[in-house]
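One-letter residues, chain by chain:
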Amino acid sequence: MQKSSTTHSTPPAAEHNAEGLEAAYDAFRAAYPDFDATARFDTLRASEFARLDANHHVYLDYTGGSQYAESQLTEHEALLRKNIFGNPHSENPSSQVSTRLDEQARRYVLRYFNASPDEYAVIFTPNASGALKLVGESYPFSADSRYVLTFDNHNAVNGVREFARARGARITYVPVVAPELRIDREQLLNELSHPNRNGNNLFVYPAQSNFSGVQHSLEWIEVAHSSGWDVVLDAAAFVPTNRLDLGVHHPDFVPVSFYKMFGYPTGVGCLLARRNALKKLRRPWFSGGTIEIVSVQGDRYAFAEGERAFEDGTINYLSLPAIEIGLKFLEKVDVQLLHNRVMSFTGWLLENLSSLVHANGKPLVEIYGPRTTLDRGGTIALNFHDPDGRVFNFHHIEQAASQRNISLRTGCFCNPGAGEIAFGLTGSDMRECFIHEERSSFERCIVAMKGKTAGAVRVSLGIATNFEDVYRFLQFARTFLDIAAP
Ligand SMILES: Cc1ncc(COP(=O)(O)O)c(C=O)c1O
């Protein structure tokens with residue numbers, strides 16, 4: 001499709017139904033007038049993400065992992081080709097190159113999040129889960145502690161409960177409320193107003209849900225602080241399309257995965273940690289890199305200062321310079337503008353998916369979470385229903401999408417709590433999954449649920465998404481109209 005001399009962005013030519021695409025695009029732009037200001041992302045799609053169109057690929061799993069720009073690869077490769085890198089923290093010149101670039105990356109992470117180096121430290125980890133594990137295993141939980149977390153959380157946050165449990169802390173889940181899947185405000189306020197005054201208290205919640213896309217209020221951070229809680233803000237799903245300003249908000253710990261922000265490299269994340277909160281943590285072991293001094297015969301050791309005490313072994317010194325390159329790329333493209341663009345597509349998808357009905361008037365899809373763009377991001381969880389209201393198995397949807405070269409995600413997205421509320425599963429439903437077998441499987445669990453849904457389809461949008469991607473997903477959704485679920 002070609003548009004005559006216009007400054008507006010144009011979607012690339014569709015293979016099929018070009019007229020339908022063009023008409024839909026015009027209607028979309030009329031409905032979302034701010035969208036035209038994001039035209040630079042269509043240019044980027046052609047210059048930096050051309051492989052998507054070359055492969056006719058509709059990529060809709062940005063919450064799983066973002067796509068990298070080609071210039072990130074070129075810049076990183078040039079850096080690797082030019083320099084001699086060695087294991088950091090030594091005096092030799094190759095080591096010095098690594099140390100310099102790694103420390104530069106650390107400073108750039110602070111700068112990107114507007115975090116004062118006096119207040120925050122950056123601890124490099126393999127991913128957000130690694131960052132959460134660092135907090136979980138080192139937090140001074142005791143029988144006089146509380147661990148409060150929302151139902152809506154990634155499994156890495158759920159997993160921290162096992163560290164808390166092992167040390168006798170009281171664990172409390174605060175529910176989210178269907179259909180919007182937002183935190184139950186009253187219950188959370190009630191829990192936060194009752195820390196255990198004799199011990200340490202930790203509260204964890206996600207800035208954005210990786211299940212429903214809900215953005216939970218950042219105001220909870222200071223509400224919790226004012227009652228003496230330490231706060232982990234899981235920002236892994238939030239920061240790819242939103243700015244997190246740590247000069248304004250001051251969570252104690254913030255885990256992120258960099259591949260979710262800019263696609264490349266995988267294997268590096270970080271824990272942004274307030275230096276004061278870091279002093280509370282007690283590491284359960286030491287390793288190379290984390291100690292200042294250790295003795296075999298003396299049977300003692302002393303940890304290194306600050307972030308170094310938390311980075312086990314050799315850091316990923318070849319990949320760390322790529323973090324600065326990725327962050328600079330995000331700064332250049334303007335994440336706030338990206339947010340606006342993604343929200344235009346999200347609004348359009350929410351409206352159009354909701355309006356799809358079978359011939360008998362029954363809706364095709366059920367969307368879990370907010371149906372408007374208010375306080376949410378570009379992640380949509382949904383299930384497909386047939387005209388009799390039966391749910392299409394999500395594996396079936398994923399297979400059909402894959403045949404059309406559409407990458408989306410299905411299942412519970414490592415966020416079982418949000419799913420349990422969304423699907424109306426109760427504690428006793430879930431306990432059924434675990435009674436028969438020592439090692440329960442997801443498939444056995446589905447059988448135990450006697451027909452209730454235990455998973456969904458997730459589409460998530462990001463830096464390279466264009467109108468044709470969301471249009472092609474909508475066209476794909478239409479193919480299930482008036483079809484009986486197998
Ligand atoms: C909100 C949230 N937290 C944590 C994680 C874990 O990230 P990773 O698998 O990179 O450790 C994810 C991954 O999807 C996530 O969405």
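About the criteria used
Residues numbered from 1 in each chain as written. Predicted model: local features only at pLDDT ≥ 70, side-chain atom pairs only at ≥ 80, totals over all residues. Heavy atoms only, no water. Patch = residues over 30% accessible without salt bridge, like charges linked within 9 Å, V, L, I, M, F, W, Y side chains within 5 Å. Areas by Shrake-Rupley, 256 points an atom, 1.4 Å probe, with all protein chains shown as cover. Salt bridge = Lys/Arg side-chain N within 4 Å of Asp/Glu carboxyl O. Helix = DSSP H or I, 4+ residues; strand = E, 2+ residues; numbered from the N terminus. Pairing = 2+ DSSP bridges. Axes fitted to C-alpha atoms, helices over the stretch in contact; angles between N-to-C directions. Contact = heavy atoms within 4.5 Å. Buried < 20%, exposed > 50% of the residue type's maximum accessible area, 1.4 Å probe, protein only.

K.L.:
Would you mind going over a nonpolar patch on the surface in detail, with residue names and values included?
P.N.:
A cluster of nonpolar side chains, Phe 286, Val 294 and Tyr 301, forms an exposed patch at the surface whose accessible area comes to about 250 Å². Among the structural elements, Tyr 301 can be located in strand β12 (residues 300-303).

K.L.:
Any details on the sheet that holds strand β13 (residues 365-368)? Residues and values, ideally.
P.N.:
Across the sheet, four strands lie side by side as β13-β14-β17-β16; this open sheet has antiparallel pairing. Only two strands of the sheet have a single neighbouring strand rather than two, namely β13 and β16 (409-411). Between one strand axis and the next, the sheet turns through 30° on average, direction left out of account. Judged from the three bridges that link them, β16 and strand β17 (residues 456-460) form a sheet pairing that is antiparallel. When the bridges of β17 are listed, Thr 410 appears paired with Val 457.

K.L.:
If you had to explain the environment of Ile 380 to someone new, which residues and values would you point to?
P.N.:
Locating Ile 380 in the fold gives a position in strand β14 (residues 379-384). Spatially, the C-alpha atom of Ile 380 lies 9.9 Å from that of Ala 456, the residues being 76 residues apart in sequence. Among all residues touching Ile 380, those that are not within four sequence positions of it are Thr 346, Leu 349, Leu 350, Ile 367, Val 457, Arg 458 and Val 459.

K.L.:
Summarise unusual backbone geometry; cite the residues concerned and give the values.
P.N.:
Note that the residue after Ala 178, namely Pro 179, is joined by a cis bond; omega there is 0°. Of note, the bond from Tyr 264 into Pro 265 is cis; its omega dihedral lies within 30 degrees of zero at 0°. Along the polypeptide, Pro 265 turns up in the loop between α10 (258-262) and β10 (269-274). The phi torsion at Asp 375 lies on the positive side, around 50°, for a residue other than glycine. Within the fold, Asp 375 resides in the loop between β13 and β14. The backbone of Asp 482 shows a phi angle near 60°, a positive value even though the residue is not glycine. Tracing the backbone through its elements, the reader meets Asp 482 in the segment after α18 (467-478). Given a relative accessible area of 45%, Asp 482 falls into the partly exposed group.

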